[in-house]
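Summary of the model geometry
Given next are the chains, with one letter for each unit.
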Amino acid sequence: MKRVLIANRGEIAIRVAKALNELGHVSVGIWTDNEPEAAHLEYCKEWVHLQGSSNRETYLNVPKILELIKKYKIDAVHPGYGFLSENAEFSRTLEKNGVTFIGPNTKAIEAMGDKAISKQWAEKAGVPVVPGSTGEVPTVAEAIKLCNSIGYPVLLKAVAGGGGKGMRPCYSEADVKINFEAVQREALSSFGNAGLLVEKYVQNPHHIEVQILADKKGNVYHLFERECSIQRRHQKIIEEAPSPFIGNDEALRKNICETAVKLAQAVGYDSAGTVEFIMGDDRKFYFLEMNTRIQVEHPITEEITGVDLVANMIKSAFGDALDFKSQSDITIKGHAIECRICAEDPISMLPAPGKIAGFETTFPQGIRFDHCLYQNFEITADFDPMIGKLIARGLTREVAIRKTLNALDGLLIDGLKTNIPLLKVIVAEEAFRGGHYTTHYIASVKPQEKVSVTESEVKLMEKVASMEMGAL
Ligand code: ADP
Ligand code: ADP
Ligand code: MG
């Protein structure tokens with residue numbers, strides 16, 4: 001039995017607390033000055049106060065977190081996603097203090113944390129990478145030379161980027177000239193690292209990623225793929241497993257999954273992680289990046305494989321045996337779809353902060369709702385706009401789609417704008433239903449133009465508008 005600090009908030013803190021409680025460990029939750037009633041605290045066995053309000057003062061503050069660890073005799077830390085989850089400095093500091101980091105070893109984080117360095121590892125391991133620079137490109141002159149040789153369009157990408165931020169497509173030499181320094185500046189201010197790389201901007205691409213789970217004895221397993229091509233601003237909003245684009249092509253599925261395992265083995269990976277690929281319409285795939293943490297969309301993999309990824313990630317960190325013994329123990333049953341529920345305007349898709357007046361759920365069988373909602377929860381610009389994840393499981397993709405639509409109808413969140421009306425349009429729409437979509441789906445189908453504002457949503461918007469008026 002270990003005392004485990006959850007260095008995160010929101011739905012992922014709840015997910016981690018559930019796994020810790022189930023395994024018999026002591027889940028220790030954090031509360032901060034601006035979220036004293038956070039939903040995750042109800043699931044934790046103990047609470048500790050991290051003074052401050054901003055992320056910098058709290059969830060990103062390594063010295064303060066270390067103080068809590070010492071004061072409350074913490075044995076291990078689960079970082080969730082975002083915040084310190086991919087911070088090698090943090091995992092090394094824990095290691096030095098004899099505290100277990102529930103994630104991969106520091107070397108694996110370092111190898112995969114930087115997009116340029118991880119591409120070099122992938123090349124060495126014989127994993128195909130997107131054509132482009134194999135390291136950082138320091139000057140605009142070098143970027144132009146390289147872009148002209150690989151051909152347009154290209155993508156300028158921050159080596160330390162994440163969450164879809166820090167990348168810009170360029171369609172000509174003039175574009176590269178205009179954007180290079182701007183992306184460098186953005187990267188420096190958002191990620192504290194101005195480094196850029198150049199990549200071929202793959203056309204009509206599919207984002208397909210492979211879930212990895214490894215133990216500390218050198219065994220690396222995959223839990224098949226997820227398709228995450230429904231995105232806005234290069235960030236996922238709907239994910240599904242298995243990928244409809246791979247479909248019944250078992251040879252391709254085997255190839256991409258085994259390629260991911262090969263890379264994980266090459267870097268000595270030993271936790272849950274995800275290898276992301278971009279796949280063209282020609283079904284050729286290239287390594288994009290590896291996320292050395294639990295991902296937002298991990299539940300769809302849990303739903304189709306029956307493997308509890310968070311519990312097994314914790315077991316792996318403590319050197320305990322995983323729930324399965326060999327790759328052949330892991331099989332796909334059925335289909336799962338996840339919709340990210342965000343406090344966002346459904347038409348502009350921009351964050352729309354506000355306060356939750358109440359919520360109601362009437363779901364069909366087969367629905368999982370991982371969320372951090374509570375009455376009077378105020379989503380400010382400081383918090384991630386994602387407030388929940390609606391996951392539907394069905395024996396077939398058609399069933400999962402039907403259940404998703406039913407569940408979206410049965411999810412009522414009052415008091416602020418959400419992207420639920422947009423999600424309903426997408427899931428009901430022809431290209432999505434047919435499984436024929438790429439990462440350009442939003443730009444080409446424009447589902448936001450079909451968002452209909454129903455009577456109840458009108459009422460809700462009137463209420464929000466009057467609250468905004470009141471605030472003025
Ligand atoms: P996933 O890869 O799990 O699908 P996202 O890309 O949506 O996840 O990111 C998950 C969370 O982590 C989001 O809150 C996102 O803003 C945050 N995040 C991811 N990478 C970074 C990063 N490099 N810097 C800051 N925040 C990040
Ligand atoms: P992040 O760390 O922000 O998740 P990724 O490298 O995983 O960054 O890219 C995020 C998304 O941007 C991808 O899912 C894809 O839609 C798009 N993207 C990234 N690289 C390319 C590329 N070379 N060609 C086409 N699209 C890309
Ligand atoms: Mg990514």
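Cut-offs and rules
Residues numbered from 1 in each chain as written. Chains lettered and ligands numbered in written order. Predicted model: local features only at pLDDT ≥ 70, side-chain atom pairs only at ≥ 80, totals over all residues. Heavy atoms only, no water. Pairing = 2+ DSSP bridges. Helix = DSSP H or I, 4+ residues; strand = E, 2+ residues; numbered from the N terminus. Phe/Tyr/Trp six-rings, centres within 6.5 Å; stacked < 30°, edge-to-face > 60°. Buried < 20%, exposed > 50% of the residue type's maximum accessible area, 1.4 Å probe, protein only. Lys NZ or Arg CZ within 6 Å of the ring centre and 35° of its normal. Domains from an automatic or database assignment. Contact = heavy atoms within 4.5 Å. Buried area = accessible area lost by both parts, 1.4 Å probe. Salt bridge = Lys/Arg side-chain N within 4 Å of Asp/Glu carboxyl O. Donors = N, O, S within 2.8 Å, 3.2 Å for Na, K, Ca; no water. Near = heavy atom within 4 Å. Polar contact = N/O pair within 3.5 Å; in protein donor to acceptor, adjacent residues only side chain to side chain. Areas by Shrake-Rupley, 256 points an atom, 1.4 Å probe, with all protein chains shown as cover. Nonpolar A, V, L, I, M, F, W, Y, C, P; charged D, E, K, R; others polar. Core = buried A, V, L, I, M, F, W, Y, C linked by side-chain atoms within 4.5 Å.

1. Concerning the sheet that holds strand E1 (residues 3-6)
- Spatially, 5 strands are ordered E3-E2-E1-E4-E5 in an open sheet, and the strand pairing comes out parallel. Of all the strands in the sheet, just strand E3 (46-50) and strand E5 (100-101) have a single pairing partner and so form its edges.
- Relative to E3, strand E2 (residues 26-32) runs parallel, the two sharing 5 bridges. Paired with Trp 31 across the bridge in E3 is His 49.

2. Some words on the packing of aromatic side chains
- One pass over the full model with this rule turns up 9 aromatic pairs.
- Consider the rings of Phe 432 and Tyr 437, whose centres lie 5.4 Å apart with planes at 15°: the pair is stacked. Assigned by exposure class, Phe 432 and Tyr 437 land together as buried.
- The residue whose ring lies beneath Lys 124 is Trp 121, and the NZ or CZ to ring-centre distance is 4.5 Å.

3. Regarding the domain arrangement of the protein
- Domain annotation of the protein identifies domain 1 (3-102), domain 2 (131-200) and domain 3 (206-460).
- Domain 2 and domain 3 are separated by 28 Å when their C-alpha centres are compared.
- The interface is formed by 6 residues belonging to domain 2 together with 5 residues belonging to domain 3.
- Both sides together, the interface formed by domain 2 and domain 3 hides about 420 Å², and carbon and sulfur atoms give 55% of it.
- Three residues, Gly 163, Gly 164 and Met 167, lead the burial of domain 2 against domain 3; their summed loss comes to 52% of the area buried on that side.

4. Brief notes about the pattern of salt bridges
- Applying the stated rule across the entire model yields 34 salt bridges.
- Here Arg 92 and Glu 110 are joined by a salt bridge, their closest N and O atoms 2.3 Å apart. Of this pair, Arg 92 sits in helix H3 (residues 88-96) while Glu 110 sits in helix H4 (residues 106-113), and the two are 18 residues apart along the sequence.
- Assessed through its relative accessible area of 29%, Arg 92 is described here as partly exposed.

5. Quick word on the coordination of the magnesium ion (ligand 3)
- Coordination of the magnesium ion (ligand 3) by the protein comes from Glu 276 (OE) and Glu 289 (OE), over a distance range of 2.0 to 2.1 Å. With Glu 276 in strand E12 (residues 272-279) and Glu 289 in strand E13 (residues 285-291), this pair connects stretches of sequence that are 13 residues apart. Here the two residues Glu 276 and Glu 289 agree in accessibility, since each one is buried.

6. With respect to the site of ligand 2
- With respect to spatial proximity, 21 residues lie near ligand 2, and among them Lys 115, Lys 157, Gly 164, His 207 and Gln 231 are the closest.
- Take Lys 200: an N or O atom from its main chain is 2.9 Å from a nitrogen atom of ligand 2.
- Between an oxygen atom of ligand 2 and a side-chain N or O atom of Gln 231, the distance comes to 2.6 Å.
- When the free accessible area of ligand 2 is taken as 550 Å², the share hidden by the protein chains comes to 96%.
- Listed by contribution, the elements that provide at least two residues to the shell around ligand 2 are strand E6 (154-158), strand E8 (196-200), E12 and E13.
- Class assignment of the residues belonging to the shell around ligand 2 gives a composition of 7 nonpolar, 8 polar and 6 charged.

7. Examining the nonpolar core
- Of all hydrophobic cores here, the largest spans 61 residues; its most connected members are Ile 212, Ile 256, Phe 277 and Phe 287.
- When residues in this core are grouped by element, the largest group, 7 residues, is from helix H8 (residues 250-266).
- Summarising the domain contributions, this core has at least three residues from each of domain 1 (3-102) and domain 3 (206-460).
- With 42 residues, the next largest nonpolar core counts Ile 337, Ile 341, Leu 373 and Val 427 among its residues.

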